[in-house]
Amino acid sequence: MTEYALTRWPSREALGREGLSGRRRLLAWVVRLLVIGVLLWSAFRQAHLHGWSVLAAAAGVLAAAALVWAYWRSTLRHRLWPSVALLTALLALGAGAQALGSHGPAAVLWCGCAFAALERLPLAAGLPLAATGLATYAVVDGGDWLWTWISVGGMALAGYTLRLDAEARGATHRLLAQERAARAAEAETAALAERARIAREIHDVLAHSLSAQLVHLEAARLLIERGADRGQILDRVVAARGMARDGLEETRQALSALRGELTPLEEFLRDLVRSADGAEVTVDGPRTPLSAEASQAVRRVAQEALTNVRKHAPGARVSLRLEYGPHEVTLDVRDSGGPPGELAAAGGGYGLLGMRERAELLGGSLHAGPGEKGFVVTLKVPV
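Only a predicted model underlies this, so the values are computations on that prediction, with no experimental measurement involved.

1. So, a nonpolar patch on the surface
Residues Trp145, Leu146, Trp147, Trp149 and Ile150 make up a contiguous nonpolar surface patch of roughly 650 Å² in combined accessible area. Here Trp147 shows up in helix H8 (residues 145–225). Taking relative accessible area as the criterion, Trp147 reaches 58% and is therefore assigned exposed.

2. Quick word on the sheet that holds strand S1 (residues 279–284)
Strands sit in the order S1-S2-S3-S5-S4 across an open sheet of five strands; the sheet is mixed. Among the strands making up the open sheet, the edge pair consists of S1 and strand S4 (365–370). Here the strands of the sheet are splayed against their neighbours by 10° on average, with no regard to which way each runs. Pairing of strand S2 (residues 318–324) with strand S3 (residues 328–335), which is carried by seven bridges, proceeds in the antiparallel orientation. When the sheet's bridge partners are listed, Ser319 is paired in S3 with Arg334. Along the sheet, helix H11 (residues 292–312) makes contact with S2, S3, S4 and strand S5 (375–382), crossing S5 at roughly 175°.

3. Here we look at the nonpolar core
Counting residues in hydrophobic clusters, the biggest one holds 32 residues, and the most contacted among them are Tyr71, Leu87, Leu90, Ala117, Leu121, Leu129 and Tyr137. For this core, the secondary-structure elements that each account for two or more residues are helix H4 (52–76), helix H5 (80–99), helix H6 (103–120), helix H7 (123–141) and H8. Broken down by element, the residue count for this core peaks at 10 residues, all from H6. Setting aside residues up to four positions removed in sequence, Ala117 forms contacts with Tyr71, Leu87, Gly126, Leu129, Ala130 and Arg163. In this structure, Phe268, Leu269, Val298 and Met355 belong to the second largest nonpolar core, which totals 28 residues.

4. Details of the pattern of salt bridges
Opposite charge on two side chains permits them to pair, given that their charged atoms come into close proximity. With the rule as written, the count across this model stands at nine salt bridges. Between Glu218 and Arg221 there is a salt bridge whose closest N-O contact spans 2.4 Å. Residue Glu218 and its partner Arg221 are both found in helix H8; the two are separated by three residues, about one turn of the helix. Taking the relative accessible area as the measure of exposure, Arg221 reaches 35% and is therefore partly exposed. Salt bridges here are not isolated pairs; linked through shared partners, they connect Arg8, Arg163 and Glu167.

5. Let's talk about the packing of H5 against H6
Where H5 contacts H6, the two axes come as close as 7 Å, and the packing angle between them is 160°. Overall, the two elements H5 and H6 adopt an arrangement that is roughly antiparallel. Of the two elements, H5 crosses H6, and the hand of that crossing is left-handed. Counted together, Leu87, Leu90, Leu91, Leu93, Gly94, Ala95, Ala97 and Gln98 of H5 and His103, Pro105, Ala106, Leu109, Trp110, Cys113, Ala116 and Ala117 of H6 form the full contact between these two elements.

6. Digging into the side chain of Asp332
With respect to the helices, strands and loops of the structure, Asp332 is situated in strand S3. Judged by its relative accessible area of 12%, Asp332 falls in the buried class. In this structure Asp332 touches Ser319, Leu320, Arg321, Val376, Val377 and Thr378, once residues within four positions along its chain are discounted.

7. Points about H5
A rise of 1.5 Å per residue sets the reference length of H5, with its 20 residues, at 28 Å; its end C-alpha atoms lie 29 Å apart and thus fit the reference within 8%. All of the buried residues in H5 are Ser83, Val84, Leu86, Leu87, Leu90, Leu91, Gly94 and Ala97. In an axial view of H5, the angular spread of the buried residues amounts to 165°, which keeps them on one side of the axis. Exposed residues on H5 whose side chains face more than 90 degrees from its buried face are Trp81 and Ala99. Once H5 ends, the next one or two residues include Gly101, with phi positive near 90°.

8. Describing the pairing of S3
Along S3, six of the eight residues are buried, which leaves the element largely enclosed by surrounding structure. The antiparallel hairpin formed by S2 and S3 contains three residues in its connecting segment. Here S3 pairs with S5 via seven bridges, running antiparallel. Note on S5: the bridge partner recorded for Thr330 is Lys380.

9. A few points about the packing of aromatic side chains
Counted under the stated rule, the structure contains zero aromatic pairs. The positively charged end of Arg299 is found above the aromatic ring belonging to Phe268, 4.9 Å away from the centroid.

The rules behind these values
Residues numbered from 1 in each chain as written. Predicted model: local features only at pLDDT ≥ 70, side-chain atom pairs only at ≥ 80, totals over all residues. Heavy atoms only, no water. Patch = residues over 30% accessible without salt bridge, like charges linked within 9 Å, V, L, I, M, F, W, Y side chains within 5 Å. Areas by Shrake-Rupley, 256 points an atom, 1.4 Å probe, with all protein chains shown as cover. Salt bridge = Lys/Arg side-chain N within 4 Å of Asp/Glu carboxyl O. Helix = DSSP H or I, 4+ residues; strand = E, 2+ residues; numbered from the N terminus. Buried < 20%, exposed > 50% of the residue type's maximum accessible area, 1.4 Å probe, protein only. Pairing = 2+ DSSP bridges. Axes fitted to C-alpha atoms, helices over the stretch in contact; angles between N-to-C directions. Contact = heavy atoms within 4.5 Å. Core = buried A, V, L, I, M, F, W, Y, C linked by side-chain atoms within 4.5 Å. Parallel < 35°, antiparallel > 145°, perpendicular 65-115°, else oblique. Left-handed = near helix turned anticlockwise from the far one by under 90°. Expected span 1.5 Å × (residues − 1). Arc of directions from axis to C-beta. Phe/Tyr/Trp six-rings, centres within 6.5 Å; stacked < 30°, edge-to-face > 60°. Lys NZ or Arg CZ within 6 Å of the ring centre and 35° of its normal.

Okay, structure coming up:
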């Protein structure tokens, strides 16, 4: 047995009532009442008790109850020397009862002190006190020595078993508390992650919608400066209004996606290219279910790539290719190139940067750069 095991207190959970079921608490109270009943019966059944002896016996019972309560509180706080002093006082009280001829209460006190020492004290302090109580009981018992020492050994083993049982209960209670704390922390982390995801979705929707509106409004401004036809200007303003309407619809879709109400990805891409002249969609590979985050990343990259084509190469043909692989899904957006549009300088250039960050958060990647003819955007996210 190591030095640490000899000097270690039982945990406060083992010494307290935490984790005790209702039945075990009821059993504990029944045992206490039985012990008190034995003390009272043994103390007052003595025929020679009368007068002051009765008062002394009653005072002894009350003193024993007070000392037991104080000992329980002291050990619960891990106060060694007060606990040792209280248990010593209980042993002395047993000796006093024996001196007055109350052998039954004395035996109960000595054996009870042995149980309490083994169950609630560090073994370095509990073993000597338990040995004192049991040895005193064995010497005073006066019965058959073999059965007396067998009883003493059995009581010592029972006291140590109670200690192990209490420590196991305390360890279980601590594990349950740690599990509850871990679950609470996990729930809080999930809530924070969900808030961040919602913020990212709304930011991406607004960034895409406002960027598209800026393209048309900037075109309208240039047309006004050049004195263009009123109809051309009105077309641009109407297009910007349509983008605002689309932005609201995309916001609703993003909120639906956060609730798990996503439309199929292929259907979304086909609807997306209908509003873009000269764009087509190709889907390869067996369809694989995607997480909401991965599906939203593909949608946002497709939207951002088409917006960039409108800005930097208006009129260029665009091909979107969605390929499902065994471990990842790939979106490839290519345009045929062309002269830069008048709105090439519009916007801050942060759209693809945000998409790259989104892909990396999912464990994927995004590459954007010139291709053989035009510009190529390739997104890869794990399935």
